[in-house]
Amino acid sequence: KKVKHMNPMLSLSNVFDEKELFEFLKKINNFLGLPESTTHAFTAEPKIDGLGISILYKEGKLITCATRGDGIVGEDITENIKTLKNFPVELQNAPKLLEVRGEVYMKHDVFSTLNESLEKKFASPRNAAAGSLRQLDPEITKQRNLSYFVYGVGGASEDFTYLLQHEMYEKLKGLGFCVNDYKQCNSVQEMLSFYQNFESTRFQKNFDADGIVYKLEDLTLCKRLGFTAHGPRFQVAHK
Ligand code: IVH
């Protein structure tokens with residue numbers, strides 16, 4: 001079955017070095033008509049290399065979960081996602097309507113054990129996660145021991161409000177979702193040192209990440225910045 005997302009699931013633009021990060025920050029100030037030297041707070045967190053999902057809750061009940069698909073319409077994987085450990089099927093004190101965005105992935109140790117048991121092996125944890133999520137039998141998905149993080153909200157009713165990006169994370173945690181560790185950065189230096197720390201420790205992590213995502217904290221500014229056809233002007237992946 002196909003599921004239409006409340007709002008399109010877009011992509012992030014990338015920066016590959018410090019210079020490009022400064023360019024990204026400069027564009028934000030230009031767009032907002034602020035002096036070039038204006039600084040902003042950002043959150044920083046890993047960009048998980050898994051499969052994007054979108055989960056819709058009505059009155060706190062999980063209604064549908066879909067893959068990213070073409071960004072507009074995805075594939076229905078509701079019954080499979082319900083088998084994931086720590087995935088909330090029912091939310092307490094939930095807003096009327098909430099579409100949460102996240103990433104499903106397979107931890108490295110789970111991937112190694114799975115591949116040992118298979119004759120036809122998966123090439124990567126990402127492929128294994130994709131194959132495990134698209135099973136017709138949810139019991140197989142359950143045995144695959146997949147993990148997830150949520151990182152955003154695709155749409156919500158007016159009773160779900162927050163002014164800062166990290167407030168959104170705390171609200172999602174409060175509802176019972178797994179949110180990755182993030183850092184609040186108050187300067188470019190803090191953003192870069194989070195990235196350097198990630199780079200030097202990425203091979204010790206139990207998951208694949210293909211960079212860091214920086215997200216502008218002030219969601220009022222995010223609204224003003226808006227989106228290009230490609231993605232948001234207020235978030236970027238540092239690869
Ligand atoms: S924010 C406009 N945060 O990366 C999309 N995305 O290129 C904003 N991803 O489709 C997404 N970890 O599936 C965001 N911490 C994270 C992420 C993350 C992985 C994936 C996501 C999205 C793609 C964007």
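Residues numbered from 1 in each chain as written. Predicted model: local features only at pLDDT ≥ 70, side-chain atom pairs only at ≥ 80, totals over all residues. Heavy atoms only, no water.

### Observations concerning helix α3 (residues 108–117)
- Buried residues of α3: V110, F111, L114 and N115, and no others. End-on, the buried residues of α3 take up no more than an arc of 125°, which puts them together on one face. Of the exposed residues in α3, the ones pointing more than 90 degrees away from its buried face are T113, E116 and S117.
- The inward-facing, buried residues of α3 abut α4 (125–133). (Buried < 20%, exposed > 50% of the residue type's maximum accessible area, 1.4 Å probe, protein only. Helix = DSSP H or I, 4+ residues; strand = E, 2+ residues; numbered from the N terminus. Arc of directions from axis to C-beta. Contact = heavy atoms within 4.5 Å.)

### Describing the site of the ligand
- Around the ligand, a shell composed of 14 residues is seen, among which E45, I48, E103, Y151 and K215 lie nearest.
- Between the ligand and L12 there is a distance of 3.2 Å, counted from an oxygen atom to a backbone nitrogen or oxygen.
- A distance of 3.0 Å separates a nitrogen atom of the ligand from a polar side-chain atom of K215.
- Put simply, the parts of the chain that give the shell around the ligand at least two residues each are β3 (42–48) and β10 (209–216). (Near = heavy atom within 4 Å. Polar contact = N/O pair within 3.5 Å; in protein donor to acceptor, adjacent residues only side chain to side chain.)

### Section: the sheet that holds strand β5 (residues 61–67)
- Pairing is antiparallel in the open sheet, where four strands are placed in the order β5-β4-β7-β8. At either margin of the open sheet sits one strand with a lone partner, and together these are β5 and β8 (147–156). Adjacent strand axes in the sheet meet at a mean angle of 25° when their direction is disregarded.
- Of the pairings in the sheet, the one linking strand β4 (residues 51–58) to strand β7 (residues 97–105) comprises eight bridges and is antiparallel in character. Its bridge partner lying in β7, L56 is registered against E99.
- The strands that α4 touches are β4 and β7; relative to β4, the one it contacts most, it runs at about 40°.
- On top of the sheet, helix α6 (residues 165–174) reaches β7 and β8; it is set at about 115° to β8, its chief contact. (Pairing = 2+ DSSP bridges. Axes fitted to C-alpha atoms, helices over the stretch in contact; angles between N-to-C directions.)

Take it as geometry only, folks, not as evidence of what the structure does.
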